Amino acid sequence: MSADLQLGASFRDPSGFVFRKNGVLLRQVNRPYLESLKRLTDSGLYGELTEAGLLIPHTEVGIENAFSDEAVAVLKPERISTISYPYEWCFSQLKDAALTTLRIQSIAMKHGMSLKDASAYNIQFHHGGPVFIDTLSFEPYDESSPWKPYRQFCQHFLAPLVLMSFVDIRLSRLAASYIDGIPLDLASSLSSSHTRFKPGIGMHLHLHARMQAKNADAGTKKETRGGFGKNALLGLIDSLQSTIEGLKWKPEGTEWADYYSDTNYSDAAMIAKHKLVAEYLGAVSPAPNIVWDLGANNGEFSAVSTSMGFQTVAWDIDPAAVEKNYLQRRADKLMLPLVQDLTNPSPSIGWALRERDSLIERGPANAMLVLALIHHLAIGNNVPLLEIASFLARAGEWLVIEFVPKDDSQVQRLLASREDVFPDYTQEQFEASFQGRFTVIKKDSVPGTVRTLYLMKRRAS
Amino acid sequence: MKKLNRALNIALACGCLLTICQSANAYIDAGSGSYLLQILFAGLLGGLYFAKTAFGNLKAAVVRRASMHKSDDSASHVR
């Protein structure tokens, strides 16, 4: 029992929770959920959803693995390589997650079941696409009742998508401040006024927000039973689906979205860098299970990693670059593009800071690509080289890192509008700063450039 | 189908505007407004969904019938 650890993300649901036993993730099912679990399987819903890749498959393991006495079953879900959160997803990832949730609700109704919650955190990206991970979120469908997770769905999916689509793509970050979704009154007041006249958004966001405020203390649940039918719920789901499908955002105009058409690399230099990166990744031993590409832009070099068979998370600060990566490489099942500001990485959030893990808590990565990034951290954001080395040593074990010197045109561009207060930004200082944390295994000039690529291994602490 | 969707959406918007109400400051009970909104629109949502599926089925039946006629015609030409 001492090796067991209940995870902070799933304590709210009396149906069960997830925990780790000897490093393996398990899901305990409590007595109140037993009937629903049987129905999930016997109705054929579990089979249809898992075959379609919409629900994470599980195997049942012995009850002796239970975390506590309330358990009636213990499930071992298929492992998700990297947990990500809605505030790290690009527009199309959040949209796909929303449509997946609605599709699951429609299929569940065919089998006499319904979702009892519709949290965006119930979706993860697995093998390149969205998958529902909370096996305990299904309950028998009560035809007389409205859709219980309607408010939650609108807060977790519709509100951020409307804000991203009509106001500013960066408002996806609001989801990190509101763990149960963006309050509808807030989203309604932030949205541009013409969205009120769009039928779906008008009803599901604006009117919904007003109804919530007006009936806040009405206590309506008991009174509303018997007033809703199956056709009405199908209509609601259909209306939400067409509203979400109608939301668009085009990735353009940001600083990084067109980065690779605006670099100082010649074609030959780019090819040489591809080769070097592949050679360095191939030298990582043992072969990495997970690679983090930090500052991945549109995933140009993350794709080198996935082509070698490595699960790769392509982190980038720019939602447009991440969107492009996601849309262009959907077929690449090893690629996971995510939005991440490395100067202010995702923190631990939620109750007792245990509900959602920080970036570092989801590591360490076996290997990291840090290409054409160091000058943005050191010069663009004034982060000392020693600090960068220290952070990277916490984030991963192996490091493929590119040093970009001051005479590189991209660094010159950074320095063009500011005073050069970086006398320590030299290749010698870079090597000295990383020496305390990493051992240099390989070092090569990138042909056709003034840059140098390093393969480093973290020193044993 | 797109035109029908648009017409249905406009009907839904009219419903929204007719029932729009003023906000009030009160303690937040997260579910009440959401439940009431669904109840209020149950008939409209159900009706629109019924109309949409009925139109879809009708359209599919017409297309099926038309394609059957076409294949019958081409079969008679072969003979």
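Cut-offs and rules
- Per chain, the residues get numbers from 1 upward, laid out in the order the sequence is written.
- Chains and ligands are labelled by the order in which they are written, letters from A for the one and numbers from 1 for the other.
- The model is predicted, so local features are restricted to residues of pLDDT at least 70 and side-chain atom pairs to those at 80 or more, both for listing and for counting; the totals for chains, interfaces and linings are taken over all residues.
- Remark: hydrogens and water are excluded; side-chain values derive from all non-hydrogen atoms of the structure.
- Cavity: a set of points on a 1 Å grid over the protein atoms alone where a 1.4 Å probe fits but cannot get out. Pocket: an open set with protein on both sides within 12 Å along at least five of seven lines, its lining residues, like those of a cavity, having an atom within 4 Å of a point.
- Grid points are joined across faces, edges and corners, and a volume is the space filled by probe spheres set on the points.
- Numbering of helices and strands runs from the N terminus; a helix is a DSSP stretch of H or I covering at least four residues, while a strand is a stretch of E covering at least two.
- Classification used: nonpolar for Ala, Val, Leu, Ile, Met, Phe, Trp, Tyr, Cys and Pro, charged for Asp, Glu, Lys and Arg, polar for all others including Gly.
- Planes of paired rings set the category: under 30 degrees apart is stacked, over 60 is edge-to-face and the rest tilted, where pairs are Phe, Tyr or Trp rings (Trp by its six-membered ring) whose centres lie within 6.5 Å.
- Any residue under 20% of the maximum accessible area for its type is buried, any over 50% is exposed, and the rest in between are partly exposed; the area is computed with a 1.4 Å probe on protein chains only.

**Q** Where do I start with empty space enclosed by the protein in this structure?
**A** Take a probe with the size of a water molecule and roll it over the atoms, and the empty space left behind shows itself. Residue and element names in this part refer to chain A. Enumeration according to the criterion identifies two cavities of 30 Å³ or more in this entry. In this structure, the largest cavity spans a volume of roughly 60 Å³. If you go around the largest cavity, the residues you meet are P86, A120, Y121, Q155, H156, P160, A175, Y178, G181 and I182. A total of three residues in the lining of the largest cavity trace back to one element, the largest contributor, which is helix α4 (residues 150-166). Split into classes, the residues belonging to the lining of the largest cavity amount to seven nonpolar, three polar and no charged. As a volume, the second largest cavity reaches approximately 40 Å³. Residue lining of the second largest cavity: G128, Y326, R329, R330, D332, M335 and P337, and that is the complete set.

**Q** So what exactly am I meant to see when it comes to the packing of aromatic side chains here?
**A** By convention here, two paired aromatic rings are described through the distance between centres and the angle between planes. Residues and elements named next belong to chain A. Summed over the entire model, instances satisfying the criterion amount to 17 aromatic pairs over all chains. An angle of 55° between the planes, with centres 6.0 Å apart, marks the rings of Y85 and Y121 as tilted. A residue pair is termed long-range when its members are at least 10 positions apart, and Y85 in the loop between β5 (71-77) and α3 (91-110) and Y121 in the loop between β6 (113-115) and β7 (123-126) qualify at 36 residues. As far as burial versus exposure is concerned, Y85 and Y121 are alike and both buried.

**Q** Would you take a moment to explain unusual backbone geometry for this structure?
**A** Most of the time, phi is negative for any residue but glycine, and the peptide bond is trans. Residues and elements named next belong to chain A. Omega for the peptide link from S285 to P286 comes to -5°, which places this bond in the cis form. Positionally, P286 belongs in the loop between α10 (267-282) and β10 (290-294). If you check the backbone angles, N297 has positive phi at about 55° while not being a glycine. Mapping N297 onto the fold places it in the loop between β10 and α11 (302-307). With phi around 50°, A372 is a residue other than glycine that occupies positive phi space. Residue placement: A372 occurs in the loop between β13 (365-370) and α13 (374-380).

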